[in-house]
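Overview (structure and organization)
Listed below are the residues making up each chain.
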Amino acid sequence: MPPVYRGPFGKPQAERLLWRAGFGPRAGEAERLAKLGLEGAVHALAKPGRDRLQGPRPHDDDGKPLAPLDKWGHDQLWWLDRMVRTTRPLHERMTLVWHDWFATSRDGVGPARLMLAQNGLFRRIGLGSFLTLLTEVTKDPAMLVWLSGVDNEKDSPNENYGRELMELFTLGADRGAYTEQDVREQARALTGWRNSWDDDLGPVRFRYDPKRHDTGTKRIFGKRGNFDWRDSARLCVEHQLHPSFFVTKLWSYFVPVPPSAATKRSLERIYVRNGHQVRPVVEAILRHPALYTGPRMVKSPAVYLAGLLRGLGRGIDTEAWTWLLELAGQQLFYPPNVAGWDDARWLDTATFRARWDIAGYAIRPRVLKETAKGVPREAGKLVDRAQTLLGRPTLTGQTEAALARFAKRALADANDRWKKEQYPPLIENALRHLLATAPDLQTC
């Protein structure tokens with residue numbers, strides 16, 4: 001078995017768990033989770049019961065319900081709302097993991113309905129059997145369009161999906177796991193899918209047509225047989241190099257440094273002994289010491305935004321999040337390529353400006369007017385109020401000192417009567433924004 005974290009499990013550890021395995025805590029949620037202890041907390045996240053979606057229903061800037069199937073950007077808002085209101089954060093986070101793992105984009109797929117159906121697939125079975133998930137993804141309409149599955153027939157095999165099936169989804173590149181001959185033979189095994197076209201709806205009636213399938217004998221990974229699309233998925237999962245690829249890639253979504261050789265072997269044994277089930281491996285990762293004692297991870301833009309809104313208790317009430325997420329580098333349903341997003345590029349000089357704007361938009365409904373009454377004139381109290389608004393996140397001493405120093409210096413400049421009255425609410429607004437964009441909230 002892999003090692004299990006044995007250190008203190010208080011609010012800081014519960015916060016990190018909620019950010020890594022979800023979208024951050026609502027007010028008081030980290031404290032409640034901490035009382036369960038590590039085992040209880042992991043169990044609560046992995047087996048939470050039915051999703052109840054807590055909070056105000058989403059709407060656009062005009063107060064109208066979202067139209068995710070029809071209006072541009074509303075599919076993204078619909079999913080962001082799930083992230084914000086979910087009571088099953090691990091399931092929703094795994095939906096985002098699989099969207100990146102099996103990266104599929106509307107730029108190539110087209111209709112939102114196909115992407116939303118794939119999204120629902122990830123949510124329903126994302127913690128179950130990986131073989132089942134892979135098999136379902138292989139015949140998923142969005143994936144069939146995205147990686148040319150419907151263009152793959154016996155007289156003209158298309159290698160797109162067969163190659164990515166092995167390189168990106170199950171085995172990895174440059175590991176000696178497969179050859180170019182395997183790619184060609186996988187393409188033959190995957191032949192047979194097709195769809196119809198509707199001038200109003202686009203691609204419809206996805207189906208398997210035996211007449212388009214190559215029924216000849218194929219040789220894949222040294223095995224011979226009349227393989228079809230189901231066999232393509234099965235052979236990859238049964239490959240001896242699949243478990244090591246799977247646990248290493250899954251680990252990378254929760255911990256920013258590679259697992260040790262011993263941990264990797266232990267996770268592989270859990271994965272294989274449990275019949276390639278995802279949940280036991282995720283649970284082992286969430287109990288591992290590296291998650292709690294290792295370096296911090298940069299939050300992706302969607303995780304950062306969803307977490308801000310959860311902490312503020314704010315629902316989806318503006319369409320601005322679509323273009324802000326795009327500027328920040330993570331437009332939901334539009335990964336940049338089949339390899340998904342590059343986590344190493346979440347924070348740079350181009351995208352941080354968007355994060356600054358996201359913070360400003362998130363706290364905008366709570367901005368204090370300069371004439372606001374009852375705002376204290378002491379630096380410590382102003383900092384405390386700013387922290388309270390954002391759910392009192394755990395901060396480093398360095399961040400706390402920087403906020404206190406800013407508040408003291410700003411108040412020291414209030415040397416006129418009107419400044420003494422109007423500066424405190426303005427300073428509190430600034431403290432909220434600074435806190436929301438501080439390293440402590442950009443990482444977890």
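Keep in mind that this is a model prediction, so the values were computed, not measured.

1. Some points on the overall build of the protein
Counting its regular elements, the protein contains 23 helices and four strands. Against the globule reference of 22 Å for 444 residues, the protein gives a C-alpha radius of gyration of 24 Å, in line with a compact fold. C-alpha atoms of the protein, sized along the principal axes, occupy 90 × 55 × 40 Å. With 444 residues in all, the protein has 57% of them scored as buried. Within the protein, contacts between residues separated by at least 24 positions form 74% of all contacts whose residues are at least 6 apart in sequence. Carbon and sulfur atoms make up 50% of the accessible area of the protein, which totals about 19500 Å². Charged side chains in the protein number 67 positive and 52 negative. The centres of these two groups are separated by 7 Å.

2. Re the nonpolar core
Proteins that are soluble and globular tend to have nonpolar side chains buried together. Core analysis: the biggest nonpolar cluster contains 72 residues, and Trp98, Trp101, Phe102, Phe130 and Phe254 have the highest contact counts within it. Those residues in contact with Phe254 that sit more than four places away from it in its chain are Arg20, Ala21, Leu90, Met94, Val282, Ile285, Leu286, Leu291 and Met297. Core analysis: the second largest hydrophobic core is formed by 58 residues, Leu116, Met297, Leu308 and Cys444 among them.

3. Considering the packing of aromatic side chains
Aromatic ring pairs: the centre-centre distance and the angle between the two ring planes describe each pair. Under the counting rule described, the total for this entry stands at 21 aromatic pairs. Consider the rings of Trp101 and Phe130, whose centres lie 5.9 Å apart with planes at 50°: the pair is tilted. Here Phe130 lies in helix H8 (residues 130-138) and Trp101 lies in helix H5 (residues 89-101), a separation of 29 residues in the sequence. No difference in accessibility class separates Trp101 from Phe130, as the two residues are buried. Considering the side-chain rings of Trp101 and Phe246, the 5.6 Å spacing of their centres and the 45° angle between planes classify their relative orientation as tilted. Note that Trp101 is positioned in helix H5 and Phe246 in helix H13 (residues 242-252), a separation of 145 residues in sequence. There is no split in this pair, since Trp101 and Phe246 are both buried.

4. Quick notes on the packing of helix H14 (residues 261-273) against helix H15 (residues 279-287)
Running from N to C, H14 and H15 point in directions that differ by 150°, and their axes come no closer than 8 Å. Taken together, H14 and H15 sit at an angle that is classed as roughly antiparallel. Between H14 and H15 lies a crossing of right-handed hand. Residues Leu267, Ile270 and Tyr271 of H14 form the contact with H15, whose participating residues are Pro280, Val281, Ala284 and Ile285.

5. A short note on the packing of H8 against helix H12 (residues 229-238)
Here H8 crosses H12 at 145°, and the two axes come no closer than 9 Å. H12 is crossed by H8, and the crossing has right-handed handedness. When H8 is examined against H12, the residues Phe130, Leu131, Leu134, Thr135 and Thr138 are found in contact with a partner set consisting of Trp229, Ala233, Arg234 and Val237. Looking at the contact of H8 with H12 residue by residue, the classes come out as six nonpolar, two polar and one charged.

6. Considerations on the pattern of salt bridges
Oppositely charged side chains are able to pair whenever their charged atoms sit close together. Counted according to the given criterion, the structure contains 26 salt bridges. Where Arg188 meets Asp214, a salt bridge forms, and the shortest distance between an N and an O atom there is 2.7 Å. Separated by 26 residues along the polypeptide, Arg188 in helix H11 (residues 180-189) and Asp214 in the loop between strand S2 (202-208) and strand S3 (218-220) bring together distant segments of the chain. Here Arg188 matches Asp214 in class, with each residue buried. Of the charged contacts in the structure, one is a salt bridge between Arg314 and Asp317, with a shortest N-O distance of 2.7 Å. For Asp317, a relative accessible area of 25% gives the class partly exposed. Members of the salt-bridge network, linked through shared partners, are Asp51, Arg82, Glu92 and Arg123.

7. Focus on the environment of Gly22
Tracing the sequence through the fold places Gly22 in the loop between helix H1 (11-20) and helix H2 (29-34). Judged by relative accessible area, which is 0%, Gly22 ranks as buried. Distance from Gly22 to Pro424, taken between C-alpha atoms, is 35 Å for residues 402 residues apart in sequence. Residue contacts for Gly22: discarding those within four places in its chain leaves Leu17, Pro89, Arg93 and Val303.

8. Structural notes on a nonpolar patch on the surface
A surface patch of nonpolar side chains, about 300 Å² in accessible area, is lined by Val298, Leu347, Phe352 and Trp356. By secondary structure assignment, the location of Leu347 is in the loop between helix H18 (320-328) and helix H19 (352-363).

9. Focus: the pairing of strand S1 (residues 193-198)
Both S1 and S2 contribute to a ladder of five bridges, which runs antiparallel. Bridging from a neighbouring strand, Trp197 pairs with Pro203 of S2. Where S1 folds back onto S2 in an antiparallel hairpin, the turn is made up of three residues.

10. With respect to H14
An ideal rise of 1.5 Å per residue puts 18 Å on 13 residues; H14 measures up with 18 Å between its terminal C-alpha atoms. All buried positions along H14 are accounted for by Thr263, Ser266, Leu267, Ile270 and Tyr271. Angularly, the buried residues of H14 cover 140° about the axis, an arc narrow enough to put them on a single face. On its buried face, H14 sits against H8, H12, H13 and H15. Two residues or fewer past H14, Gly275 is found with a positive phi of approximately 65°.

11. Digging into the side chain of Ser105
Tracing the sequence through the fold places Ser105 in the loop between H5 and helix H6 (106-109). Residue class for Ser105 comes out buried when judged on its relative accessible area of 1%. Excluding anything up to four places from it in sequence, Ser105 contacts Met115, Trp146, Phe333, Tyr334 and Pro335.

Rules used in this analysis
- Residues numbered from 1 in each chain as written.
- Predicted model: local features only at pLDDT ≥ 70, side-chain atom pairs only at ≥ 80, totals over all residues.
- Heavy atoms only, no water.
- Helix = DSSP H or I, 4+ residues; strand = E, 2+ residues; numbered from the N terminus.
- Rg over C-alpha atoms; globule rule 2.2 N^0.38 Å.
- Buried < 20%, exposed > 50% of the residue type's maximum accessible area, 1.4 Å probe, protein only.
- Contact = heavy atoms within 4.5 Å.
- Areas by Shrake-Rupley, 256 points an atom, 1.4 Å probe, with all protein chains shown as cover.
- Lys, Arg positive; Asp, Glu negative; His and termini not counted.
- Charge placed at Lys NZ, Arg CZ, Asp CG, Glu CD.
- Core = buried A, V, L, I, M, F, W, Y, C linked by side-chain atoms within 4.5 Å.
- Phe/Tyr/Trp six-rings, centres within 6.5 Å; stacked < 30°, edge-to-face > 60°.
- Axes fitted to C-alpha atoms, helices over the stretch in contact; angles between N-to-C directions.
- Parallel < 35°, antiparallel > 145°, perpendicular 65-115°, else oblique.
- Left-handed = near helix turned anticlockwise from the far one by under 90°.
- Nonpolar A, V, L, I, M, F, W, Y, C, P; charged D, E, K, R; others polar.
- Salt bridge = Lys/Arg side-chain N within 4 Å of Asp/Glu carboxyl O.
- Patch = residues over 30% accessible without salt bridge, like charges linked within 9 Å, V, L, I, M, F, W, Y side chains within 5 Å.
- Pairing = 2+ DSSP bridges.
- Expected span 1.5 Å × (residues − 1).
- Arc of directions from axis to C-beta.

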